[in-house]
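Secondary and tertiary structure notes
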Amino acid sequence: MAFTAAVAIILAWLVTGPLFHFSDTWQLVINTATTVITFLMVFLIQNTQSRDTEAIQIKLDELIRVTEAASNGLMDLEELDEATLDLYRQRYELLARQARQP
């Protein structure tokens with residue numbers, strides 16, 4: 001629906017071109033509108049991605065919690081500082097290399 005509305009607005013703007021003699025103001029209207037919409041969409045997309053990431057983290061935390069062999073200490077890694085995250089990453093990279101060795 002949003003795409004159809006956007007196409008309709010663009011078509012309406014194009015059709016009004018001859019009416020406004022393709023003036024600078026006519027061009028400025030679409031340029032300003034697209035700039036404002038793009039600016040607002042950045043925040044909308046960022047909010048949506050943050051919510052999605054949070055939901056994924058909760059689901060992963062639940063999987064870690066119910067898996068007996070998993071370490072419950074991994075459940076809130078996103079809250080740790082960079083240095084601690086690097087230590088965890090190095091540890092798991094080592095485990096992955098060891099698992100790949102015959």
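The model shown is predicted, which means the values in this text are computed figures rather than measured ones. (Residues numbered from 1 in each chain as written. Predicted model: local features only at pLDDT ≥ 70, side-chain atom pairs only at ≥ 80, totals over all residues. Heavy atoms only, no water.)

So, on to helix α3 (residues 82–100). Each turn of an α-helix holds 3.6 residues, which means side chains three or four residues apart point in the same direction. Taking 1.5 Å per residue, 19 residues should reach 27 Å; α3 reaches 27 Å between its end C-alpha atoms and fits that length. At the N-terminal boundary of α3, the capping side chain belongs to Asp81, with an oxygen 3.1 Å from the backbone nitrogen of Ala83. (Helix = DSSP H or I, 4+ residues; strand = E, 2+ residues; numbered from the N terminus. Expected span 1.5 Å × (residues − 1). Polar contact = N/O pair within 3.5 Å; in protein donor to acceptor, adjacent residues only side chain to side chain.)

Let us look at the packing of aromatic side chains. Tallying each qualifying case throughout the model produces three aromatic pairs. Taking 5.1 Å as the distance between ring centres and 75° as the angle between the ring planes, the aromatic pair formed by Phe39 and Phe43 counts as edge-to-face. Here Phe39 pairs with Phe43, and both are found in helix α2 (residues 24–66), just four residues apart, close to one helical turn. We classify Phe43 as partly exposed; its relative accessible area is 46%. (Phe/Tyr/Trp six-rings, centres within 6.5 Å; stacked < 30°, edge-to-face > 60°. Buried < 20%, exposed > 50% of the residue type's maximum accessible area, 1.4 Å probe, protein only.)

What follows deals with the packing of helix α1 (residues 2–15) against α2. Where α1 contacts α2, the two axes come as close as 11 Å, and the packing angle between them is 170°. Taken together, the axes of α1 and α2 are roughly antiparallel relative to one another. The segment α1 lies against α2, with Ile10, Trp13 and Leu14 engaging Trp26, Gln27 and Ile30. For the contact of α1 with α2, the class distribution of residues is five nonpolar, one polar and no charged. (Axes fitted to C-alpha atoms, helices over the stretch in contact; angles between N-to-C directions. Parallel < 35°, antiparallel > 145°, perpendicular 65-115°, else oblique. Contact = heavy atoms within 4.5 Å. Nonpolar A, V, L, I, M, F, W, Y, C, P; charged D, E, K, R; others polar.)

This next bit is on α2. Over its 43 residues, α2 extends 63 Å from the first C-alpha to the last, a length consistent with the 63 Å expected when each residue adds 1.5 Å. Along α2, the positions that sit buried rather than exposed are Trp26, Ile30, Asp61 and Ile64. If you follow the buried residues of α2, they end up packed against α1.

A few words on the confidence of the model for the protein chain. Put simply, the protein chain has an average pLDDT of 91, and 100% of its residues get 70 or more. When pLDDT is averaged over each helix and strand of the protein chain, the minimum, 91, is found for α3 and the maximum, 94, for α1. (pLDDT = per-residue confidence, 0-100.)

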